[in-house]
Amino acid sequence: MTSRKRMIRALAIALLAVLPAAPFIAGQNLEDKVHVRTLKNGLTVLLVERHGAPVFSTVYGFKVGSVDETPGITGTAHLFEHMAFKGTPRIGTTDYEQEKAILAEVNRVGREWSLELAKGDRADKDKLERLRRELTELEKKQAEFIVKDEIDVIYSNVGGVGLNAGTGTDQTSYIISLPSNQLELFCLVESERIRNTVLREFYIERSVIQEERKQTTDAVPARLLNEMFMGAAFIAHPYGNPVVGWASDIDSVTLEEAVEFKNKYYTPNNCVLTIVGDVYPDQAWPLIEKYFGDIPRGPEPPVLRTREPKQLGERRVRFEFEAEPMLMMGFHKPTFPAREDAAAAVLAQILTSGRTSRLYRDLVQDKQIAVSVNAYSSPGVRYPNLLVFNAVPRHPHTVEDLERAVLEHLEKIKTEPVSDRELQRVKNAIEAQYVRSMSSNMGLGFTLLRYELLFGDWKLYLAYKDLVTGVTAADIMEFAKTYLTPENRTVAVLVRKSAAS
């Protein structure tokens, strides 16, 4: 097939993967369409039949993210997400037996170099330089055996699109959409990746991520502010970890430590796979059993014991930088499936979603104090989190002006019930948003994965809808009185350095 034909075919599949793929929406008869099976090794697979187009989309995720990292190895979940594209003993290499011997030497020298780097100012510079030279030479030798991006090429050659992955605070997920006659190829490649990813080019990729951190965090004031904000709000719980990791940890994590992390979390019993589209269960299950069924079960992932202690007073961060000012304000709260989480979701929409929301009309449109204002839950959902307000002041107003204005609205919520009209508008919007998220194969795959992986049952998405539609004005008022308090508040402000001085 010519590259032009391949491109047209890939574009067609991309469109089919994201276009609405009814006939069912909003869970009306979804329970009849979802086929669930847990293999002997603990891998849970969800199959959903949608035969409107000859394609299927897959999402599989591991219950591991930055919240599972410990000091010294922050950023490892994100690093491993990158490494999962490097191949296996059968993919990404011309001769794994020869490459393996070099890989062992890369591991040895890289470990020694990393441990010396971790000493910081006390590191032996001559030793560092010598080890770096040795490592570079080994990496050049290894490169002679490496076939770059072979997983991407394999999928592209059969019309696959959207090969990608993402890491967050709670989970790491991998996606691809393929023609419906390529299910066996998917099972072959992905079972290989889960079973036996080879961490080739580990130290090269580590440098790539260090550069990624510099470009997407260190050079972006809003992201730096978010890091400081989360670090102040979570003094014990690892929700304060940045997903990309701290620079010193990225610099010094070793290949051995990454393998140890992988063995704890990237196991079939810590994974959920969703396949949505033109698939038939009687044909799919034998393939899934054949390729995924004999992957060895791993140990149960460690239980996170640390809980964030009750906040006893307001915390503040002031960040001076030559950038547009910004305000972040957060309040600790329970997470799903608590009723308070649903009340917070409805309140956030009433205050900031759309041009008819309270804060938009008052602060952006009428008083013109703000350029933008948003509210959302963050940074994850596996553990108690924050209701966050993020706002940018409009010149000449300051972050202090904006903070006072937002707080006035929050105080009003405590004493005056929201109207039935506001409540219904938001519930309608949330339900519509929910339906949209499930209207494509990929969107439905993500939704099912989220509830099955993080909460143990995909059907809980129905519970979420029930919780949200059941929120009353009294629930919102009670939530505001209980959680939107000064002692439960963390505030971070970004101010221009020149203005501050």
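Residues numbered from 1 in each chain as written. Predicted model: local features only at pLDDT ≥ 70, side-chain atom pairs only at ≥ 80, totals over all residues. Heavy atoms only, no water.

Trainee: What is the right way to read the sheet that holds strand β7 (residues 315–320) from this model?
Mentor: In sheet architecture, strand pairing relies on hydrogen bonds along the backbone and comes in two forms, parallel and antiparallel. On the basis of which strands lie adjacent, the open sheet formed by five strands has the order β7-β11-β8-β10-β9 and mixed pairing. Edge positions in the open sheet fall to β7 and β9 (370–378), since each of these has one partner strand only. Neighbour-to-neighbour, the strand axes of the sheet open up by a mean angle of 10 degrees, direction not taken into account. Pairing of strand β8 (residues 326–333) with strand β10 (residues 385–393) involves seven bridges; the strand directions are antiparallel. (Pairing = 2+ DSSP bridges. Helix = DSSP H or I, 4+ residues; strand = E, 2+ residues; numbered from the N terminus. Axes fitted to C-alpha atoms, helices over the stretch in contact; angles between N-to-C directions.)

Trainee: Would you take a moment to explain the pattern of salt bridges for this structure?
Mentor: In a structure, side chains of opposite charge can pair up when their charged atoms sit close to one another. Under the defined criterion, the tally for this structure stands at 36 salt bridges. Put simply, R133 and E129 hold a salt bridge, and the shortest N to O gap is 3.4 Å. Taken together, the residues span about one helical turn, with R133 and E129 both in helix α5 (residues 125–143) at a distance of four residues. Each member of the pair R133 and E129 is classed as exposed. Ionic contacts of the salt-bridge type, sharing partners, join the residues K86, K148, E201 and E205 into one network. (Salt bridge = Lys/Arg side-chain N within 4 Å of Asp/Glu carboxyl O. Buried < 20%, exposed > 50% of the residue type's maximum accessible area, 1.4 Å probe, protein only.)

Trainee: It is not clear to me how the packing of aromatic side chains should be interpreted in this structure. Could you clarify?
Mentor: Each aromatic ring pair is specified by the distance between its two centres and by the angle formed by the two planes. Applying the stated criterion across every chain yields a total of 22 aromatic pairs. Ring plane angle 85 degrees and centroid distance 6.4 Å describe the contact between F62 and Y174, whose orientation is recorded as edge-to-face. Of this pair, F62 sits in strand β3 (residues 55–62) while Y174 sits in strand β5 (residues 172–179); the two residues are 112 residues apart in sequence, bridging distant segments of the chain. One aromatic cluster in this structure is built from Y60, F62, F80, F85, Y174, F261, Y265 and Y266. (Phe/Tyr/Trp six-rings, centres within 6.5 Å; stacked < 30°, edge-to-face > 60°.)

Trainee: Looking at this structure, how should I read the nonpolar core?
Mentor: The nonpolar side chains of a soluble globular protein tend to be buried with one another. Formed by 67 residues in total, the largest nonpolar core has its most connected members in L30, M329, V346, F389, L410 and I476. Ranked by residues supplied to this core, first place goes to helix α13 (residues 339–352) with nine residues. If we skip the residues at most four places from it in the chain, V346 touches L423, V426, I430, V468, V471 and I476. Counting residues in hydrophobic clusters, the runner-up holds 62 residues, among them V64, L199, Y203 and F292. (Core = buried A, V, L, I, M, F, W, Y, C linked by side-chain atoms within 4.5 Å. Contact = heavy atoms within 4.5 Å.)

Trainee: How do you make sense of the confidence of the model for the chain when you look at a structure like this?
Mentor: Summarising the model, the chain shows a mean pLDDT of 92, and 94% of its residues fall at 70 or more. Low pLDDT, under 50, characterises residues 1–27; the predicted model gives this stretch 46 contacts beyond four residues in sequence or across chains. (pLDDT = per-residue confidence, 0-100.)

Trainee: Got a minute to help me understand the state of the cysteines in this structure?
Mentor: Among covalent bonds in proteins, the disulfide is the one between the sulfur atoms of two cysteines. Applying the stated criterion to the full structure yields zero disulfides. Summary of cysteine pairing: C187 is not part of a disulfide, and the nearest cysteine sulfur, belonging to C271, is at 12 Å. (Disulfide = S-S within 2.5 Å.)

Trainee: I tried to follow helix α8 (residues 202–218) on my own but got confused; where do I start?
Mentor: Along an α-helix, residues three or four apart share an orientation, since each turn contains 3.6 residues. The terminal C-alpha atoms of α8 lie 23 Å apart, and with 17 residues this matches the ideal 24 Å at 1.5 Å per residue to within 8%. Looking only at α8, the buried set comprises F202, Y203, E205, R206, I209, Q210, R213 and T217. Viewed end-on, α8 has its buried residues packed into an arc of 150 degrees, placing them on one side of the element. Looking at the buried positions of α8, the neighbouring elements they touch are α3 (76–83), α4 (96–117), α5, α9 (221–233), α10 (247–252) and α11 (255–265). (Expected span 1.5 Å × (residues − 1). Arc of directions from axis to C-beta.)

Trainee: Looking at this model, I keep getting lost on helix α19 (residues 473–483). Mind explaining?
Mentor: When α19 is considered as a whole, its buried residues turn out to be A473, I476, M477, F479, A480 and Y483. The arc enclosing the buried residues of α19, seen along the axis, measures out at 160 degrees, which places them on a common side. Packing partners of the buried residues in α19 comprise β8, α13, β10, α15 (399–415) and α16 (420–437).

Trainee: Even after reading the chapter, I still don't get the packing of α15 against α19, so can you show me in this structure?
Mentor: Packed helix pairs are characterised by how far apart their axes lie and by the angle those axes make with each other. Following both chains from N to C, one finds α15 and α19 inclined at 125 degrees, their axes separated by 7 Å at the closest point. By the angle class used here, α15 and α19 are oblique. As α15 packs across α19, the resulting crossing turns out to be left-handed. For the pair α15 and α19, the contacting residues are I413, K414 and T415 in the first and I476, M477, A480 and K481 in the second. Its residues assigned to classes, the contact of α15 with α19 comprises four nonpolar, one polar and two charged. (Parallel < 35°, antiparallel > 145°, perpendicular 65-115°, else oblique. Left-handed = near helix turned anticlockwise from the far one by under 90°. Nonpolar A, V, L, I, M, F, W, Y, C, P; charged D, E, K, R; others polar.)

Trainee: Can you walk me through the packing of α3 against α8 in this structure?
Mentor: Look at α3 against α8: their axes get within 10 Å of each other, and the N-to-C directions meet at 125 degrees. Of the possible angle classes, the one that applies to α3 and α8 is oblique. By crossing handedness, the relation of α3 to α8 is classed as right-handed. Side by side, α3 and α8 meet where H78, L79, H82 and M83 of the first sit next to F202, E205, R206, I209 and E212 of the second. Looking at the contact of α3 with α8, its residues break down into four nonpolar, two polar and three charged.

Trainee: Honestly, the sheet that holds strand β4 (residues 161–167) in this entry has me stumped. Any pointers?
Mentor: In space, the six strands of this open sheet follow the order β1-β2-β6-β3-β5-β4, with mixed pairing throughout. Where the open sheet ends on each side, the last strands, each with one partner, are β1 (34–38) and β4. Direction aside, neighbouring strands of the sheet carry axes that sit 10 degrees apart on average. Summarising the sheet, β3 and β5 pair through eight bridges and their orientation is antiparallel.

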